[in-house]
Amino acid sequence: MAVVQRTARPVMPQVWRRYAVPTGIALAALVLIVVTGGKGTKLAEVPTWLDAHVKPRVDVINKWAVKNNQKHWIFTGVFDPIASALKGINSAVYWILRTLRWPGVLGLTAAIGWKTGGRRAALVGVLTMAACGVLGFWNDTMVSLSLMIVAVFVSLLIGLPLGIWAGLNDRANRWLRTFLDTAQVMPAYVYLLPIVVLFGIGNAGAVVATVIFAVAPAVRLTSHGLRNVPIVATEVGTSFGCTPKQLLRKVQLPMARRSMLLGLNQVIMMAFGILVIAAYVGAGGLGALVLHGLQNVDVGKAFAPGLAMVFAAVALDRITTGERRRAIHTSPLGIRLQKILPTSLARIVAALAAVVVLAVLAKMLGASTFPKPLQVSISKPINVVVKWVNNHVRKGVPVIGGTGAINDFLVLKLLTPLRDAFQYTAWWLVVLLVGAVGWKSGGRRLGVLCAACMVGIAALRTWDLAMDTLSQVLVAVVISVLLAVPIGILAGRSDRFERILRPILDATQVMPPFVYLVPVVFLFDVGRVPGVIASVIYALPPGIRLTSLGLREVSHSVREAAVSFGATPRQELMKVQLPLALRSVMLGINQTILMVLSMVIVAALIGAGALGLETVYGLTKKEIGRGVAGGVSIVLLAIVLDRITQAWGSRQPLDPTHRGA
Amino acid sequence: MPLQRVSNKGESMKNTSGRLLLAGTMIAGLAACGSSATKTVTTAAAGAATTTAAAPAAAKAGEITIAVNPWGGSAANAYIAKYVLETKLNTPVKLVELDENASWIGLDKGDIDANLEIWPSGHGADVKTYIDEKKTVVNLGLLGPTGKIAWYVNAAALSANAGFSTWEGFKDPAASKKLGTAETGDLGRFLMGDPSYVSYDEQIIANLKLPLKYTVAGSEATLITAIDKAEADKQPLLLQFWSPHWEHAKVKLTEVKLPAVTPECLASADAKDGKYACDYAPDPLFKAANAKLATKNAKAFAFLSKMKLTTDQQNAVAGEAGGDAAAMTAPAKKWVDANPDIVKAWLA
């Protein structure tokens, strides 16, 4: 039509620039691949002089630490006191939970839930917490819960100030980012044993490992929240004479609330996700029970305590991140309560008194353990289901042929060709290509950084393994994004869908991967496919959550303006809401990539090999240097992928009413 | 106390970040009033914890800590020792479940007093570092059973090629290909379990020039799942496995004959020169303790040094509990009570 033609012509040069240059680069790269002859030729291999000698160097440090961990001041004066403090706090929290008994703990849950999120949060908190008892794991849940309370508390203590700093200061943001990438991607498995050398076995080591892993979302989402505060709001604050401190406390932090709550939610979920690993170093609790199940390859027995972990995580999450809807002021009970206890201090004291009374009553009535008649064992039914699936989905399914055929298809047609292509290409060509993508995405500096990271991988002597990992990661990321963005859009548009989705996402983050991976291995066979599946399952939640958050953060005035100009709901989504949410969506994709990378190790433990296996090998065989070389290579890949996607994100248009980064 | 300081701040904060701090305040406050009001409520707390002996409770006087590594045999030894120590020597015992590598760090620091089942083949470096050089850990002598790592094939592999009962049967690429999968292409698949296990398989495969691809299943659970899957699919399988293990009672696995162990071969294992090309040497399981245990509790130290079990005795206890550490208390008690003479010899 005429209109289209008129606008189409001037656009041509732009289209030319957009597609022709990358195509040209790709063609040139292809020619170079052919010219260099690819894998096996001298030109294509990483030269031997390019070697950072990381393995022997780290081994020397490790040997020193092992030799001196009871003598040197850094242990006796720094690590040991921290360890005993953490142990002490943890024992205190555990003692309180045990002393309160189950009625007291449920009462406390209800009180905190009601205070923060009203009746709904209180109810959900009590029900999920009670569910841990119903599953028959009350005591073990308390062991794990005390560890989690301490770990989450310490994570926030460290994460919130850092997040505020990163939110207000661009340079801090850049530097912290490298640290966060490392903390998030370097799986706990990697630093677990070194931490145990420093902090000892048991709860102290477990808390430190959990904090390192879980602190990242607190920093990231606090900073993200502060950076997305509408500029109008900060300007109003400043013009009314706010000092920077007042501006932060009274304007920016309250307005970043939604993002910070999501941060708290993610801290809790990630912390609970580490319980099984903590059990490797003697933390006991639900994690140890899951390991018992896995030891005997009894899925039902591993699943039941895993489910209790999910319930406990959801309970802690809902009573701390509850959106208060002023329920306390409107419900008849709330109004009456406010008359009797006018100050919040009085209400807190009364609530605590009630909890203590509950605990004393429980003691007098002899209700020390969770009542047996209320307990239900779900292990056997789960095993029946697993057995049925194993016998019916593996083969003989019409059209697709079953999971065995899917496995072979993915391996032969997707994973292997991609890996071979990456490994075949001359290493310096990959460096240049990655550098070019970086340059295109975020300018010269990013290009240099990306290329440097890739050279770093070469110098760590892990090139082929890194290419193998990269091919697997890309496949998992593409699948995750294709699933996460549409689901996130649905969740962002429908409150009800989001409510249904939330516990499912929590479960996928908290449930120890091995519990569902054992059946996956049975269905798909040991190899890269189960690794990809595990990565996708684990990486979906942040993608979905941040897409939904982005849509919800688009200001109402902009959306209303679109509607008043006659936009259909579809147009409003596609032309207004989604473009403005792209920044958040890109953060989601970015987090998806980091999550996939953080699963590289777990994937290695179900047969995916590559960098993950190299890392595990080094650590479990006490060749720490080898493990570090593998682990650092994973982190370098993460930095490249993180910075590139982040650069895409910051190129997206801002909501006109927001300040942005 | 840092907790207090933070919690005061928490009370004034109305935004999100205050939420968890608020929870902390409540707990801290409760601890304060709890210490006076709820003293009477505490007693029943002990003893109710199931297997999670690492539960953060204050250490009792004279208490010793024994490691439980993640397999049934390790749990059986530890629960037997715990019952004997508590009933005969009046020594309270805390059991800590943890991984074998972390156990060494615990033994070194003294967080763990004893570990009663160590498979030596995987821990040569630890023995050297902690027992020989640093001398923070002492060898408590042999436990009794001898383990054996080996190559195994399943029944489907043997019916595909009877020659798979010795290593020479894998030399023919056409035969080995019967062990292949989508992941291994033209090569046969050689499956190995946990990467932390001792393994010379890569060297054996390379040095004997076998057309096999070394594949790591990743963990004991996935290795066993792979065995079960191969059994269900009648798919030929070659793997590194070991005995004693409960899976042998479930699935028929046949040991592959590898070249006999020679002194040169063992020397190459120590030298780490990559020339290993023979069978695995038998693994006599041994016990170890923190060096300070001898002075801290001499009686317990003497008992743990003398304690010995046969494979059958260990299996009797572990088997009755289904290999599950959580169910080991009763079988251990039953076995000790039924064998007073054996226990008496340990205490003499």
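Up top you'll find the structure we're talking about.
Just so you know, the residues in each chain are numbered from 1, in the order the chain's sequence is written. Chains and ligands are labelled sequentially in the order written, the chains with letters from A and the ligands with numbers from 1. In keeping with the predicted nature of the model, local features appear solely for residues at pLDDT of at least 70, side-chain atom pairs appear and are counted solely at 80 or more, and the whole-chain, interface and lining totals rest on all residues. Hydrogens and waters are ignored; side-chain quantities use all the structure's heavy atoms.

Caption draft 1: Spatial organisation of the side chain of B:Lys148. Residue and element names in this part refer to chain B. Following the sequence through the fold, Lys148 ends up in strand E4 (residues 137-154). We call two N or O atoms a polar contact when they sit within 3.5 Å, provided that within protein one can donate a hydrogen and the other can accept it, with sequence-adjacent residues counted only if both atoms are side-chain atoms. Polar side-chain contacts of Lys148 include one of 3.4 Å to the backbone oxygen of Tyr280. Here Lys148 is in contact with Trp119, Phe241, Trp242, Ser243, Glu255, Asp279, Tyr280 and Pro282, once residues within four sequence places are set aside. A run of H or I in DSSP becomes a helix once it reaches four residues, and a run of E becomes a strand once it reaches two; helices and strands are each numbered from the N terminus. Any pair of residues with heavy atoms lying within 4.5 Å of one another is described as a contacting pair.

Caption draft 2: Up close: unusual backbone geometry. All names here are of chain A. Positive phi, close to 60°, is recorded for Arg101, a residue that is not glycine. Looking at the element boundaries, Arg101 is found in helix H3 (residues 73-134). On the accessibility criterion, Arg101 (5% relative accessible area) is buried. Despite not being glycine, Arg461 has its phi angle at roughly 65°, a positive value. The partly exposed category is assigned to Arg461, whose relative accessible area is 33%. Think of it in three bands: residues with accessible area under 20% of the maximum for their type are buried, residues over 50% are exposed, and the middle band is partly exposed, with areas taken using a 1.4 Å probe on protein chains only.

Caption draft 3: Helix H9 (residues 244-255) of chain A, seen in detail. Residues of H9(A) that are buried: A:Leu247, A:Leu248, A:Val251, A:Gln252 and A:Leu253. In this structure, the buried residues of H9(A) make contact with helix H4 (138-168), helix H7 (203-227), helix H8 (231-239) and helix H10 (257-272) of chain A.

Caption draft 4: Molecular detail of the environment of B:Leu347. Residue and element names in this part refer to chain B. Within the secondary structure, Leu347 sits in helix H16 (residues 340-347). Measuring from C-alpha to C-alpha, the distance between Leu347 and Lys299 comes to 8.5 Å, with 48 residues separating the pair along the chain. Ignoring sequence-local partners within four residues, the contact set of Leu347 consists of Val84, Lys88, Leu89 and Phe303.

Caption draft 5: Just the pattern of salt bridges, in detail. All names here are of chain A. Any Lys or Arg side-chain nitrogen located within 4 Å of an Asp or Glu carboxyl oxygen qualifies as a salt bridge. Tallying each qualifying case throughout the model produces 28 salt bridges over all chains. Between Asp642 and Arg177 there is a salt bridge; the shortest N-O distance is 3.3 Å. A residue pair is termed long-range when its members are at least 10 positions apart, and Asp642 in helix H28 (residues 624-651) and Arg177 in helix H5 (residues 170-185) qualify at 465 residues. Note on Asp642: relative accessible area 0%, which makes it buried.

Caption draft 6: Local environment of the packing of aromatic side chains. All names here are of chain B. Aromatic pairing here means that ring centres of Phe, Tyr or Trp (its six-membered ring) are within 6.5 Å. Orientation follows from the plane angle: under 30 degrees is stacked, over 60 is edge-to-face, and everything else is tilted. Counted according to the given criterion, the structure contains 14 aromatic pairs over all chains. Summarising the aromatic geometry, the rings of Trp104 and Tyr130 are spaced 6.0 Å apart at their centres and angled 15° between planes, so their arrangement reads as stacked. One end of the pair, Trp104, is in helix H4 (residues 100-109); the other, Tyr130, is in helix H5 (residues 124-133), and 26 residues separate them in sequence. A residue is classified by how much of its surface remains accessible, and Trp104, at 1% relative accessible area, is buried. Members of the aromatic cluster, joined through ring pairs, are Trp151, Phe164, Phe170, Phe190 and Tyr214.

Caption draft 7: A look at a nonpolar patch on the surface. All names here are of chain A. On the surface, a nonpolar cluster with roughly 380 Å² of combined accessible area is contributed by Ile231, Val232, Val236 and Phe240. Assignment of secondary structure puts Ile231 in helix H8. The class of Ile231 is partly exposed, set by a relative accessible area of 32%. Patch membership requires more than 30% relative accessible area and the absence of a salt bridge. Residues of like charge join within 9 Å; the nonpolar side chains Val, Leu, Ile, Met, Phe, Trp and Tyr join within 5 Å. To measure how exposed things are, a 1.4 Å probe is used in the Shrake-Rupley method; for residues, cover is taken only from the protein chains shown.

Caption draft 8: Quick peek at the packing of H4(A) against H10(A). All names here are of chain A. To get an axis, fit a line to the C-alpha atoms, keeping to the stretch in contact for a helix; angles then go from 0 to 180 degrees between the N-to-C directions. Two elements in contact, H4 and H10, have axes separated by 10 Å at closest approach and are oriented at 140°. Between H4 and H10, the angle is such that the two are oblique. The hand of the H4/H10 crossing is right-handed. Contacts from Leu145, Met148, Val152, Ser155, Leu156 and Leu160 of H4 reach H10 at Met260, Leu264, Val267, Ile268, Ala271 and Phe272. In the scheme used here, Gly and all other residues not listed as nonpolar or charged are polar, with Ala, Val, Leu, Ile, Met, Phe, Trp, Tyr, Cys and Pro taken as nonpolar and Asp, Glu, Lys and Arg as charged. Among the residues making up the contact of H4 with H10, the classes are represented as 11 nonpolar, 1 polar and no charged. Roughly parallel means an angle under 35 degrees; roughly antiparallel, over 145; roughly perpendicular, 65 to 115; everything else is oblique. It is the rotation of the near helix from the far one that decides the hand of a crossing: anticlockwise by less than a right angle makes it left-handed, clockwise makes it right-handed.

Caption draft 9: A look at the environment of A:Ala279. As for its placement among the helices and strands, A:Ala279 is situated in helix H11 (residues 275-280). Look at A:Ala279 and you get buried, because its relative accessible area is 2%. Each C-alpha atom of the pair A:Ala279 and A:Leu415 lies 33 Å from the other, and the pair is 136 residues apart in sequence. Here A:Ala279 is in contact with A:Gly284, A:Gly287, A:Ala288, A:Leu291, B:Glu97 and B:Leu98, once residues within four sequence places are set aside.

Caption draft 10: Inspection of the state of the cysteines at higher detail. Counting rule for disulfides: a pair of cysteine sulfur atoms within 2.5 Å. The full count for this structure, using the stated rule, is 1 disulfide over all chains. Bridging B:Cys265 to B:Cys278, the disulfide has an S-S length of 1.9 Å. Between B:Cys265 and B:Cys278 the disulfide shows an S-S torsion of about -95°. By sign, it is left-handed. Placement of B:Cys265 in helix H11 (residues 263-271) and of B:Cys278 in the loop between H11 and strand E9 (283-290) is noted, with a sequence separation of 13 residues between them. By the burial criterion, B:Cys265 is buried, and B:Cys278 matches it. With no disulfide partner, A:Cys453 has as its closest neighbouring cysteine sulfur the one in A:Cys450, 6.5 Å distant.

Caption draft 11: Quick peek at the packing of helix H15 (residues 329-338) of chain B against H16(B). Residues and elements named next belong to chain B. Running from N to C, H15 and H16 point in directions that differ by 85°, and their axes come no closer than 5 Å. Compared by their axis directions, H15 and H16 come out roughly perpendicular. Across the interface between the two elements, Trp335, Val336, Asp337 and Ala338 of H15 pack against Pro340, Ile342, Val343 and Trp346 of H16. Residue composition of the contact of H15 with H16, grouped by class: 7 nonpolar, no polar and 1 charged.

Caption draft 12: Quick peek at the nonpolar core. Core analysis: the largest hydrophobic core is formed by 259 residues, its most contacted members being A:Phe272, A:Met454, A:Trp463, A:Leu597 and B:Trp151. A per-element tally of this core places H3(A) first, with 17 residues. One finds B:Ala76, B:Ile80, B:Leu116 and B:Val343 within the second-largest nonpolar core, a separate group that totals 36 residues. For the purposes of this section, nonpolar cores are sets of buried Ala, Val, Leu, Ile, Met, Phe, Trp, Tyr and Cys residues that join through side-chain atoms within 4.5 Å.

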